[in-house]
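Understanding the architecture of this molecule
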Amino acid sequence: MIKYVIIILILFLLQNIQASEIVGIPKVVDGDTIHIKSYKIRLQGIDAPEIKQKCKKPYLQISFFNFQKDYYCGQISKKKLAQKIGSKSVKCIILSRDRYKRYLAKCLLGNINLNSWMVRNGYAIAYRKYSKLYILDENFAKEKKVGLWKGTFIKPEKWRKLN
């Protein structure tokens, strides 16, 4: 009986050690979620627009009038993450799990932090409810008026509640 418990404990510890990093070529699900093999990974500390979410961006400015048009910002967010990764391998450092059993992780493409890159380029926002790590990246994107910050949008969390 003791041998059985020890074996179970060793297997559990080995599983946790192996799960601290997940490496592979990901399938991009949306702007803040990827799958590597059978692992569902949420980029920790960021929130990207949902695939069906529409935002507004300027398309014409005449004097004081700024005309905006709708676009699917969630699809753009997903596309930009997929383009950044290409067919390269990504290393995700697992920080915890969420209520949906997804791994929450900081994901790296070489030495580029993809979580930070998404926020800094305006394709996602800092998810302040869960982390303060990417607020400076968000401030940079706002100041430079890039990505989502070119126009107007509803924060993804609020959009999910409304839809």
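Reference entry: report on the structure contained in this document. Please read these numbers as outputs of a predicted model, since none were measured by experiment.

Summarising the element assignment, Asn115 is placed in helix α3 (residues 114–120). Asn115 sits in the buried class, given a relative accessible area of 0%. Among the polar contacts listed, one links the side chain of Asn115 to the backbone oxygen of Gln44, at a separation of 2.9 Å. Within the structure, the side chain of Asn115 is placed 3.0 Å from the backbone nitrogen of Cys107, a separation counted as a polar contact. The contact partners of Asn115, leaving out residues within four places of it in the chain, are Leu43, Gln44, Ile46, Ala105, Lys106, Cys107 and Tyr134.

Before going further, it helps to spend a moment on the packing of aromatic side chains. Tallied over the full model, the rule gives 4 aromatic pairs. Judged by centre distance (5.7 Å) and plane angle (40°), the rings of Trp117 and Tyr123 are tilted. Relative accessible area serves as the criterion here: at 17%, Tyr123 is assigned to the buried category. Sitting above the plane of the Tyr71 ring, Lys57 keeps its charged end 4.9 Å from the centroid.

Per the counting criterion, the structure on display carries 2 disulfides. One disulfide in the model links Cys55 with Cys73; its S-S distance is 2.0 Å. Disulfide Cys55-Cys73: the torsion about the S-S bond is 60°, which places it as right-handed. With Cys55 in strand β6 (residues 54–62) and Cys73 in helix α2 (residues 73–85), the pair connects residues that are 18 residues apart, well separated along the chain. By the burial criterion, Cys55 is buried, and Cys73 matches it. The side chain of Cys92 participates in a disulfide bridge whose partner is Cys107; the two sulfur atoms lie 2.2 Å from each other. The disulfide joining Cys92 to Cys107 has a torsion of about 110° about its S-S bond and is therefore right-handed. Taken together, the residues Cys92 in strand β8 (residues 90–97) and Cys107 in strand β9 (residues 103–109) connect sequence positions 15 residues apart. This pair shows no difference in class: Cys92 is buried, exactly as Cys107 is. For the protein chain, numbering the cysteines in disulfides from first to last along the sequence yields the connectivity 1-2, 3-4.

Reading guide: rules and limits
- Residues numbered from 1 in each chain as written.
- Predicted model: local features only at pLDDT ≥ 70, side-chain atom pairs only at ≥ 80, totals over all residues.
- Heavy atoms only, no water.
- Helix = DSSP H or I, 4+ residues; strand = E, 2+ residues; numbered from the N terminus.
- Buried < 20%, exposed > 50% of the residue type's maximum accessible area, 1.4 Å probe, protein only.
- Polar contact = N/O pair within 3.5 Å; in protein donor to acceptor, adjacent residues only side chain to side chain.
- Contact = heavy atoms within 4.5 Å.
- Phe/Tyr/Trp six-rings, centres within 6.5 Å; stacked < 30°, edge-to-face > 60°.
- Lys NZ or Arg CZ within 6 Å of the ring centre and 35° of its normal.
- Disulfide = S-S within 2.5 Å.

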